[in-house]
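Below, each chain spelled out in residue letters.
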Amino acid sequence: MIESLIAIIILLMLVFARVPIAFAMALVGGVGFALLRGWQPASAMVGATVFETGLSYSLSVVPLFIFMGNVLAGSGIAHGLFAGADRLFGRMRGGLALAAVLSCGGFSAVSGSSLATAATMSRVAMPPMRKFGYSDSLAAGSIAAGGTLGILIPPSVIMIIYGLLTESDIGKLFIAGLIPGAIGIIFYLIAVMVAVRVNPSLAPEAGQSQPMSKTDKLGVAGTLGLFAFIMIGIYGGFFTPIEAAGMGAIASLALAMAMRALSWKGFVSACRETLLASAMIFAIMIGAEIFSAFVNFAGLPDGLVDLIYELDVSPWTVIGIMVLIYLIMGCVFESLSMILLTVPVFYPIIIQLDFGTGLLADPEMLLTWFAVVVVVVTEISLITPPVGMNVFVLRSVMPDIALSTIFRGILPFWIADIFRLALLVLVPWVSLCLL
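Source: prediction; values computed, not measured.

This part covers the environment of Trp316. Of note, Trp316 is situated in helix 15 (residues 315–329). Overall, the relative accessible area of 39% leaves Trp316 in the partly exposed class. Each C-alpha atom, one on Trp316 and one on Phe282, is 33 Å from the other, the two residues being 34 residues apart in sequence. Apart from residues lying up to four places away in sequence, Trp316 is in contact with Phe355, Leu360, Trp369, Val425 and Pro428.

Now the structure itself:
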């Protein structure tokens, strides 16, 4: 166990030295495994990990859902979603910010990516909010925070990876994310309403909503139809989550062609972005698998389980400590790295916790609930300084906005997320009632 803790410290030092997280995990895990077992077993372990991860059929779902999101991002659907949300909220103070949050939730439901949602919606929603006199802090904060919904509302790439790591039912994980995702949207809408009431200078008086074009209407209908197609297909037993990814990719192409909104250049760009994102995810997963093999061999999970038994603390105390660890890690790591680093360590601890009777007495329900809690905490990390990946994505699209301005605008949404996290931790029924 001591070896694992030393390795984690070295890993953090490499991350602070700006070594890419995938290579840092692979280096520390590979060298640590070699020092414990020998260089030949370590070489065999690394080779097998790279081979098995690269050829994993289950992981094929990741590039397919990413491709679906990239096709939709390049087809103008995001504009239609924003226009539709504006029709609902355009007559309210802060209506465009409310529309940005709702459209982010809708776009993330079919893209499955927080970063893609933030990057796309910033190009769509930021210009009109600036045009009508919204403060940069509220405008940027609503988009950066709304983008975090992408990793919870199904189809969620992070949920898929959690399911693969814990061998959980991905379909049930998707169902468990529906209500928490809806609550996230509602809490964010409330955050905007409270913010503009407390500080009216953040947004102008209620204005006139903009009319929707035929293309916008088709985009909204297509997005809702695509989401329903995927969810009904999975839960109706027509296809598995992996097959759903392929069907969703084909359906997104068909929708883009029907809208005549995706050029050949856009198609090539979607393929290129999918390749880059998938390569990054697979590299991080390979590095995390190597590091996990080392810490498991070094006895970190077993050591933590023994420590918990010795301390004789309640299961809720253990969950609270884990949540605190995630909140702290979120200041340094991005979401995927956090999931891949922690779940293999926390998973053995979670399945040993005894919650007595009730929903969490069922191990499958317990892991599903914990998945929702982990993803929500990870969402918070996406807008937590000093890293806040969504903040930096927004800054790359709008370089004239200071980071301090974006983080200031995110504060109401961050507070809303903390309330949502507390609700989901203390009332597991909210996540599990649809199962």
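Next comes the rest of the write-up.
For the rest of this paragraph, the subject is helix 19 (residues 403–426). Between the first and last C-alpha of helix 19 there are 33 Å, a value that for 24 residues agrees with the 34 Å anticipated at 1.5 Å per step. At Leu411, helix 19 is deflected by roughly 40°, the largest bend along its length, and proline Pro412 occurs up to four residues later in sequence. Buried within helix 19 are the following residues: Thr405, Ile406, Phe407, Gly409, Ile410, Phe413, Ala416, Asp417, Arg420, Leu421, Leu424 and Val425.

Take the layout of surface pockets next. It is the rolling of a water-molecule-sized probe over the atoms that shows where space remains empty. Reported here for the second largest pocket is a volume of approximately 690 Å³. Ile8, Leu304, Ile325, Met329 and Phe346 are the residues nearest the centre of the second largest pocket, which is lined by 25 residues in total. Per-class residue counts for the lining of the second largest pocket are 24 nonpolar, one polar and no charged.

Before going further, it helps to spend a moment on the side chain of Thr274. By the element assignment, Thr274 lies in helix 13 (residues 264–297). Classification of Thr274 as buried rests on a relative accessible area of 8%. Ignoring sequence-local partners within four residues, the contact set of Thr274 consists of Pro63, Ile66, Phe67 and Asn70.

About the criteria used
Each chain has its residues counted from 1, running along the sequence as written. In keeping with the model being predicted, local features are shown solely for residues with a pLDDT of at least 70 and side-chain atom pairs are shown and tallied solely at 80 or more, while totals for entire chains, interfaces and linings include all residues. Calculated side-chain values reflect all of the structure's heavy atoms, with hydrogen atoms and water omitted. For the purposes of this entry, the term helix denotes a DSSP run of H or I that reaches at least four residues, the term strand denotes a run of E that reaches at least two, and both are numbered from the N terminus. For the exposure calls, accessible area comes from a 1.4 Å probe over protein chains only, and a residue counts as buried if that area is under 20% of its type's maximum, exposed if over 50%, partly exposed in between. What makes two residues a contact is simply this: any of their non-hydrogen atoms within 4.5 Å. How far a helix is expected to stretch is found by multiplying one less than its residue total by 1.5 Å. The seven residues ending at a residue and the seven starting there each receive a fitted axis; the angle between those axes is the bend at that residue. A cavity here means a set of 1 Å grid points, computed over protein atoms only, where a 1.4 Å probe fits but cannot escape. A pocket is an open set with protein on both sides within 12 Å along at least 5 of 7 lines, and lining residues have an atom within 4 Å of a point. Grid points are joined across faces, edges and corners, and a volume is the space filled by probe spheres set on the points. Under the scheme applied, nonpolar residues are Ala, Val, Leu, Ile, Met, Phe, Trp, Tyr, Cys and Pro; charged residues are Asp, Glu, Lys and Arg; polar residues are all the others, including Gly.

Fair warning: the whole summary comes from geometry, so function is off the table for now.
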